[in-house]
Every structure is written in C-alpha cells, then in structure tokens.
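Fold and contact review
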Amino acid sequence: MPLNAGDAGYGSVSGPGLSGAAGGSETAPLLIAVPEPQPLRQWQPLTKEQLEVAAGGPRWRRLRCYLVLLFWLAWLAMLATSVAIIATSPRPVVTPLEWWQKTLLYELPPAAFRAEEGPGGIDVLCEQLPYLRSLGIGTLILEGLFDKENLTVTGESLGTLPQIQHLLTESSKAGLKVVLDFCGLKLDGAGNKPSNLSATVHPLRFWLEQGVAGFVICDTDAAYSEKTLLDWRGVFREFSSQEEKRIVVVRQTQYILPPLNNSSQTNKMLVDVVMRSILPSSHHILSAREVADAIETHLQIREDIWPSWTVGGKASHDLKKLLLVLTMTLPGSPTVQYDEEINQTQSASLNVGSSNGEKNDSSGTNTDKEKEKRTAVALFTSLSHSRAREEALLYGSFTFLPFNTSTNSSSASNSTLASPSSPLILAFLRSWGCVHFLVLLNIGPELHTLDPAWAPSLPAAGVFVASTGMDRLGSTSLYSLELRPHEAIVIKLFESGSYS
C-alpha cells in the first residue's frame, strides 16, 4: 500500500503550529539547537568551615596538632639522648703541651759545624737551616762548642763568637730554637765550687741574652743540684715569656735518673726534659738480641718526667732506620743524632747544575747510595710530620702488645720477648681516643708473617704511614702482613670498611 505523503512517519513530528503546506504536517530538523554557554563563575578560596568539612571535620585538626606535637617531642628526646651520650662517654683530656714537648731535637756534634779549612763551617750550617726546618726539626742541640774553662768562648776550630751569634740569629729566622750542651763542663769558669751561684749564672745570662732557648747538663754534673737549678730558674724567669720559656735538659747517664745532688728526690719542677738512651753504651756493636732486650727493658720504665729518647748505644747499620722509627714513635720529644745522609742529600741538591760542569756519577753504586739517601730523607720527613699532626703520636698512650708470628704461634705470652728462641719482634700501640697507631719492629734477620690471632682485639685493617724502606703504600690487612728482616712499620688502624 503506498505511503500517504500526508501521514506522520519516521523522522516526522506533528503538533500545533507545525503545519505544512499539505496535510498540516512537516518533517522536524535532525540537528538540535545547543544552548548558549553560560559565563564561568569566578574562583573563590574555601572558607574555614568548608576546609574543615573537606578535611573531615574538627577531629582531623586536633589529630594534626597531636602529630606535630609528637614529632617535636621525639626530636627533643633524640637530641637530649645524643647530648647525654656525648657528655657521659669517656674521652681523652687534652693536656696543653709546651714547645719543648712538641719539638723534635737534633743533636749537632762539633763535626757538623767545624770548618775543614778556616771558620767557614758555621756559614755552611746557616745555609742548611731552612732545609733542616723543612724536615720537621724544631730544636738544635749544639755539642762541644765551648772551651772547657770559659763558656763564653768557643773552641778555635768551631768558629768565632760573632759566627755563633750569626748562627743563633739565622736559626731564629728559620723557626729553629737552639739549646747549648754544657754536659761535663765546669760552669763556674774560675775553679770555684758549684755553690758559688753567681759564677754559674754568668754564662747562662750571657747566652740567654743571645737568644738561646735552654741548656743541657748531665746527671753527673755538679750543676745537677737543687740549689743550682733553683738559681737558674730565677734567671730563666727574666728571659722567659708564656710562649718562649727557657728549659733545662738533663742527660741521663745511669739506668735510673738519680736524685738531685745533696737531695733525696728528683725535683720535677726544676727539670723540664730527661734525655734517655734506648741502647746501653758498649764498646762493641750490640747483637739483635741485645738490642731487642734493651729496648723492651728501657721502655718499661715509668717515671713522671717528660722524656726525650735517643739511640745512644752502638747497633748494626741494618738497624739504623728501625731505631729511627722507634725513636720517633715513642712518647716524649725525640732526640735524633746528626745524620750525614740527610745533610749530604742537602749538599747534593745544592751542587746540582754547578758552574764547574761536573756530572753526577752514573755508576750503579752511586745510584744505590743516592736512592738510600732519598729513602732516609723520606722516612725522616714522614715520621716527623706524622708526629706533629697526630695526637696519638704526640701525647697518646703507650701500650706494649703480646706478639705472635707464624713461626711461634703456640701461645702469646705476656712478655713481648718470651724466650731466647722467640722471634725478635716488638709491637706497641700509640692511642688517642679512637685513633690507634700500630708500630711493628722486626729486629731480627728473618722474614716473619703475622699470626692472625696475635692481637684479636685490634682492627684487622689499616693504612701504612711509614716503613723503613718507604715502599709500603695504601691500605693493608694485619692478617696478610709480612715483616721483612730489620724492618719497622707504622700503621694507622681503622675499622674494616671505614677507610676509602
């Protein structure tokens, strides 16, 4: 049946007002009109009430206040705990040191400044003063300088008084102090008894006016008496300041420092430094066993007087560097004897490129000697600078350690040298707070490997500070360390993983 064109159909609408030309109907449009967009509302912040509603109400506000308060209470509790731990933890007490307790003394015998031809030796020494200071030396001890009958006149071959005064001036410019050795000399100068204090004071006053920092006497001298040293102290006060105090050094010639002459005690207030020898005096070169026994015996002496250790006795040349390491790492102010290797190295450096056109000997022997000299200087400098900057080496505690090696590991005795057949090994610790320096000395001619159980309380790792060959660098483990013949090693210990 044909569709009626006037009937309403799909897509058509009918209603009032929508009449077409035929039959009163019209097809509706397919697109619907979109209403015009309304203008955007201006943004406004939420009110306090709206925020509280959004945050869950007033209870959330109180909870946040409680959380903030709890945070600050916890922070204050942790701070108080930290302060309490620091306040109650044991810590080393820093003792202010005088200049002579921090210095490195260097003994110069007459041969060091005696002129071969004429009085030019002191002038050469003056040229070397900055170099000696660069090595870490702080004080020079001039020995054998005077005529035995007059302490204001020097020996004929040792330079004139103006030259000595020039040496004192140049030493001061280089930052070096000078101490004069009066050991074994008559201080009265005119045959008077030591009780004649005005006679003994005259040479002191003369040299103090020249800038001398102190004097060395022996414990066998007549001046080693309470009456004389009290008078010296009165003179020292005239020339001393808080930073520039004058000192008395006593050279100990006996096993134990004797009481002052005509006194029953050693007056510690009258003596500043006691110079002690590690090795006993002897007419023969001491064996390795004698050296080891002497070291252990002397270092266990405990006296409340500031020490200055020097080698003193005769030992094999193979032990020279080992004894230097020992002297520089012991408590007190080390006294190092004149070393030709150090001075020759300086002389060699001054002669490089001389106008004479001389060339260095390229032979193997000369090369080995130069290498030995450079090693000696490097070892000396490393030890002196480490001692100057490390509290543990400067004034830390000293502890002997029981020692074991792989060749003698049955038991660790309380004594470092247990028996004549035990290895010639010495070990001690210098400690300050949590900083520890381990010093190992192989005095014997054999190679020794450390037993891992020899000191279980020590940290297992460390870093090399110095060694007699100056060929050990970087970190190391005590469990894998071997001590070469006549070798000394200084190791700064640290907990495993704490060093990078």
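Please refer to the structure higher up on the page.
A few points on the structure. (Residues numbered from 1 in each chain as written. Predicted model: local features only at pLDDT ≥ 70, side-chain atom pairs only at ≥ 80, totals over all residues. Heavy atoms only, no water.)

Time to look at the pairing of strand β13 (residues 397–400). Residues Phe398 and Phe400 of β13 are buried on one face, while the alternating residues Ser397 and Thr399, pointing to the opposite face, are not. As paired strands, β13 and strand β14 (residues 425–432) are joined by 4 bridges and run antiparallel to one another. The residue of β14 that forms the bridge with Phe398 is Arg430. (Buried < 20%, exposed > 50% of the residue type's maximum accessible area, 1.4 Å probe, protein only. Helix = DSSP H or I, 4+ residues; strand = E, 2+ residues; numbered from the N terminus. Pairing = 2+ DSSP bridges.)

Mapped onto the secondary structure, Glu390 falls in the loop between α12 (364–389) and α13 (391–395). Judged by relative accessible area, Glu390 falls into the buried class, the value being 14%. Sequence spacing of Glu390 and Phe437 is 47 residues, and the spatial spacing of their C-alpha atoms is 9.5 Å. Here Glu390 is in contact with Val435, Phe437 and Lys492, once residues within four sequence places are set aside. (Contact = heavy atoms within 4.5 Å.)

With that settled, the discussion passes to the packing of aromatic side chains. In the structure shown here, the tally under the stated rule is 11 aromatic pairs. Ring centres of Tyr106 and Tyr338 lie 6.5 Å apart, and the angle between their planes is 50 degrees; on these two criteria the pair is classed as tilted. You can see Tyr106 sitting in strand β3 (residues 105–108) and its partner Tyr338 sitting in the loop between β12 (335–337) and α11 (340–351), a full 232 residues away along the chain. Under the relative-accessibility criterion, Tyr338 is labelled partly exposed at 25%. Look at Phe215 and Trp232: their rings are 6.3 Å apart centre to centre, the planes differ by 65 degrees, and that puts the pair in the edge-to-face class. (Phe/Tyr/Trp six-rings, centres within 6.5 Å; stacked < 30°, edge-to-face > 60°.)

A separate point is the nonpolar core. Ranked by size, the top nonpolar core spans 89 residues in total, and within it Leu180, Phe182, Trp207, Trp232, Ile295 and Ile443 carry the most contacts. Trp454, Ala455, Leu481 and Ile491 belong to the second largest nonpolar core, which has 17 residues in total. (Core = buried A, V, L, I, M, F, W, Y, C linked by side-chain atoms within 4.5 Å.)

We now examine the sheet that holds β3. Spatial strand order, β11-β10-β9-β8-β7-β4-β3-β12: 8 strands in an open sheet with parallel pairing. Since the sheet does not close on itself, it has two edges, and those belong to β11 (307–310) and β12, each with one partner. When the angles between neighbouring strand axes are averaged without regard to direction, this sheet yields 25 degrees. The pairing of strand β10 (residues 273–277) with β11 spans 4 bridges and is parallel. Of the residues in β11, the one forming a bridge with Arg276 is Trp309. (Axes fitted to C-alpha atoms, helices over the stretch in contact; angles between N-to-C directions.)

This part is about the pattern of salt bridges. For the structure shown, the criterion picks out 17 salt bridges. Note that Glu238 and Arg205 form a salt bridge whose closest N and O atoms lie 2.7 Å from each other. Of this pair, Glu238 sits in helix α8 (residues 226–239) while Arg205 sits in helix α7 (residues 197–209), and the two are 33 residues apart along the sequence. Look at Glu238 and you get exposed, because its relative accessible area is 52%. Residues joined in a network through salt bridges with shared partners are Glu107, Glu143, Asp181 and Arg251. (Salt bridge = Lys/Arg side-chain N within 4 Å of Asp/Glu carboxyl O.)

Take the pairing of strand β8 (residues 214–218) next. β8 sits mainly inside the fold: 5 of its 5 residues count as buried. On β8, burial covers both faces: Gly214, Val216 and Cys218 on one face and Phe215 and Ile217 on the other are all buried. Relative to strand β9 (residues 247–251), β8 runs parallel, the two sharing 5 bridges. Each residue of the ladder has a partner; that of Val216, found in β9, is Val249. Assessed by its sense of winding, the connection that carries the chain from β8 through α8 to β9 is right-handed. (Right-handed = clockwise from strand over helix to strand, strands pointing away.)

In this structure, Phe464 sits in strand β17 (residues 461–467). Once the C-alpha coordinates of Phe464 and Ser475 are considered, the two residues, 11 residues apart in sequence, prove to be 6.2 Å apart.

Taken in spatial order, the 6 strands line up as β13-β14-β15-β20-β17-β18 in an open sheet, and their pairing is antiparallel. The sheet terminates laterally at β13 and β18 (475–477), the two strands that pair on one side only. For this sheet, the mean angle separating the axes of adjacent strands, direction not counted, is 35 degrees. Along the sheet, helix α10 (residues 320–329) contacts β14, β15 (435–442) and β20 (488–494); its crossing angle with β15, the most-contacted strand, is approximately 150 degrees.

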